[in-house]
Amino acid sequence: MARLAVVGYASIDTIVVEGKPHRTIGGGAVYAALSAARYGSEVSLHVAVGEDFPTHWLRQLEALNIDTSSVERRSGGTRRALLHYGGREERIASTERDAAWWDRTRSLTPPLPRKGFDGYLLCPMPPETLAECLSRASGGLSVADTSEVFALDGASLKKALGRLDVFAPSLEEIRLLTGRHDDEEALQTLSHLVPILVAKRGRAGLTRFAKGERLDHTITPRTAIDPTGAGDATVGALTTALLADLSPGQQLRTAAQAGAEAVGAIGPGAFGWQIRQNSKEL
Ligand SMILES: Nc1ncnc2c1ncn2[C@@H]1O[C@H](COP(=O)(O)OP(=O)(O)OP(=O)(O)O)[C@@H](O)[C@H]1O
Ligand SMILES: [Mg+2]
């Protein structure tokens, strides 16, 4: 089994679907870790959490075969997200974040992984933190995801890209990063900056570019119960498939399967995560 460090931010999410709130659900890198473990990696989660991060969540992650010995607890609160989905699965724009979110982002910089893992999955994080993580990742496979707010800082992010093995952003992030609105142009432009690009295209599936070769994986979209975490779950499974040396076609199939699983339940419920409402610890 390949040893994988999943590095990023864990969050405490409130997910509102069709007007109904689901409060206090584990999010962020939790999806990537759960998905990577489900698909066969030996995962060590590297996140810093606040005082409010429930202890039983850590136990739950351990029960799902995720090593939490590198999780650091720091003062203040965990980063929180409020996600709203309407009938058309629209999300609230995530390019705008408030001061509290940036404060938590700085205070909860992920613990840097040690050298020696087989793989490093670098979940959305500020470009300078990504660069620091990459200095630890030499010798292992490095895969990074990003989010819209970090893709806006295109110049800094682009500097780190050439040092990655695989970059797996969403199409919207690729548009922001390249400043190109035409999808094909944006994809082509970014594909020249990174050894392997896997573009997450939502209901259109996945597209991989490596050494000038393009591979499209189209999907039959299912009705999403909750689209949160599809991207993170996709990247968790993709990294596991890469570490297992699967063919590019199988890598994309595995990754897309995890994304489809993720949207089939509220929060990370599809990956065995138990959602307990109104727990005393919360
Ligand atoms: N409705 C769906 N049915 C089946 N598969 C889906 C669906 N939505 C997403 N997926 C799969 O999950 C992958 C990742 O989803 P998406 O492109 O939305 O990632 P993302 O924008 O990074 O999401 P996130 O907000 O979770 O970071 C898609 O490329 C697709 O393969
Ligand atoms: Mg994403």
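All values reported here derive from a predicted model rather than from experimental measurement.

Undergrad: Looking at this structure, how should I read the state of the cysteines?
TA: Disulfide: a covalent bond formed between the sulfur atoms of two cysteine residues. All chains considered together, the criterion is met by zero disulfides. Note on Cys133: no disulfide assigned, nearest cysteine sulfur contributed by Cys123 at a separation of 9.9 Å.

Undergrad: Where do I start with the sheet that holds strand β11 (residues 166–167) in this structure?
TA: Strand pairing in a sheet relies on backbone hydrogen bonds. The paired strands run either parallel or antiparallel. Spatially, the nine strands line up as an open sheet ordered β6-β4-β1-β9-β10-β11-β12-β13-β14, and their pairing is mixed. The open sheet has two edge strands, β6 (66–67) and β14 (213–217), and neither has a second partner. One ladder, built from two bridges, connects strand β10 (residues 141–144) with β11; its direction is parallel. Within β11, the residue paired with Val143 across the bridge is Val166.

Undergrad: Help me understand the nonpolar core, please; the structure alone is not making it clear to me.
TA: Taken as a class, soluble globular proteins show a tendency for nonpolar side chains to be buried jointly. By size, the foremost hydrophobic cluster in this structure holds 43 residues, and its most contacted members are Val6 and Leu45. Per-element accounting of this core gives the leading share, seven residues, to helix α1 (residues 29–38). Ignoring sequence-local partners within four residues, the contact set of Leu45 consists of Val6, Ala29, Ala33, Leu61, Ile66, Asp67, Ser70 and Val71. Ranked by size, the runner-up nonpolar core spans 29 residues in total, among them Val7, Leu108, Met125 and Leu161.

Undergrad: I would appreciate a short explanation of the confidence of the model for the protein chain in the present structure.
TA: For any part of a model where pLDDT is low, the fine detail of the predicted coordinates should not be relied upon. The share of residues in the protein chain with pLDDT of 70 or more is 94%, and the mean pLDDT across the chain is 93. Every residue in residues 278–282 scores below 50 in pLDDT, and together they form nine contacts with partners more than four places removed in sequence or on other chains.

Undergrad: What should I look at first to understand the pairing of strand β2 (residues 10–17) in this one?
TA: Moving residue by residue along a regular strand, the side chains alternate between the two faces of the sheet. Burial analysis of β2 places seven of its eight residues in the buried class, the great majority of the element. Here β2 folds back onto strand β3 (residues 20–28), and the loop between the two strands holds two residues, one of which, Glu18, carries a positive phi near 50 degrees. Where β2 meets strand β8 (residues 79–85), seven bridges bridge the pair, whose relative direction is parallel. Across the sheet, the residue bridging to Ile15 is Leu83, located in β8.

Undergrad: Can you walk me through the sheet that holds β2 in this structure?
TA: Reading across the sheet, the three strands line up as β3-β2-β8 and stay open at both edges, with mixed pairing between neighbours. The sheet is open, and its two edges are formed by β3 and β8, each paired on a single side. Averaged over all pairs of adjacent strands, the angle between strand axes in this sheet comes to 25 degrees, irrespective of strand direction. Judged from the seven bridges that link them, β2 and β3 form a sheet pairing that is antiparallel. Among the inter-strand pairings, Ile15 is bridged to a residue of β3, identified as His22.

Undergrad: Would you mind showing me how to read the packing of aromatic side chains here?
TA: Describing an aromatic ring pair means giving the distance of the ring centres and the angle of the ring planes. Under the criterion given, the structure shown has six aromatic pairs. Here Trp57 and Trp273 contribute two aromatic rings whose centre-to-centre distance is 5.3 Å and whose plane-to-plane angle is 75 degrees, an arrangement assigned as edge-to-face. Placement of Trp57 in helix α2 (residues 55–63) and of Trp273 in the segment after α10 (248–262) is noted, with a sequence separation of 216 residues between them. You'll find Trp57 and Trp273 in the same group, each marked buried. Measuring from ring centre to ring centre gives 6.0 Å for Trp101 and Phe150, while their planes differ by 35 degrees; the resulting arrangement is tilted. In this pair, Trp101 sits in helix α3 (residues 99–107) while Phe150 sits in helix α5 (residues 148–151), placing the two residues 49 residues apart along the sequence. Of the two residues, Trp101 and Phe150, both sit in the buried class. Through pairs of rings, three or more aromatic residues link up here, namely Phe53, Trp57 and Trp273. The ring of Tyr9 has Arg79 lying over it, and the distance from NZ or CZ to the ring centre is 4.2 Å. The ring of Phe117 is capped by Arg114, whose NZ or CZ atom sits 4.2 Å from the centre of that ring.

Rules and cut-offs
Residues numbered from 1 in each chain as written. Chains lettered and ligands numbered in written order. Predicted model: local features only at pLDDT ≥ 70, side-chain atom pairs only at ≥ 80, totals over all residues. Heavy atoms only, no water. Disulfide = S-S within 2.5 Å. Pairing = 2+ DSSP bridges. Helix = DSSP H or I, 4+ residues; strand = E, 2+ residues; numbered from the N terminus. Core = buried A, V, L, I, M, F, W, Y, C linked by side-chain atoms within 4.5 Å. Buried < 20%, exposed > 50% of the residue type's maximum accessible area, 1.4 Å probe, protein only. Contact = heavy atoms within 4.5 Å. pLDDT = per-residue confidence, 0-100. Axes fitted to C-alpha atoms, helices over the stretch in contact; angles between N-to-C directions. Phe/Tyr/Trp six-rings, centres within 6.5 Å; stacked < 30°, edge-to-face > 60°. Lys NZ or Arg CZ within 6 Å of the ring centre and 35° of its normal.

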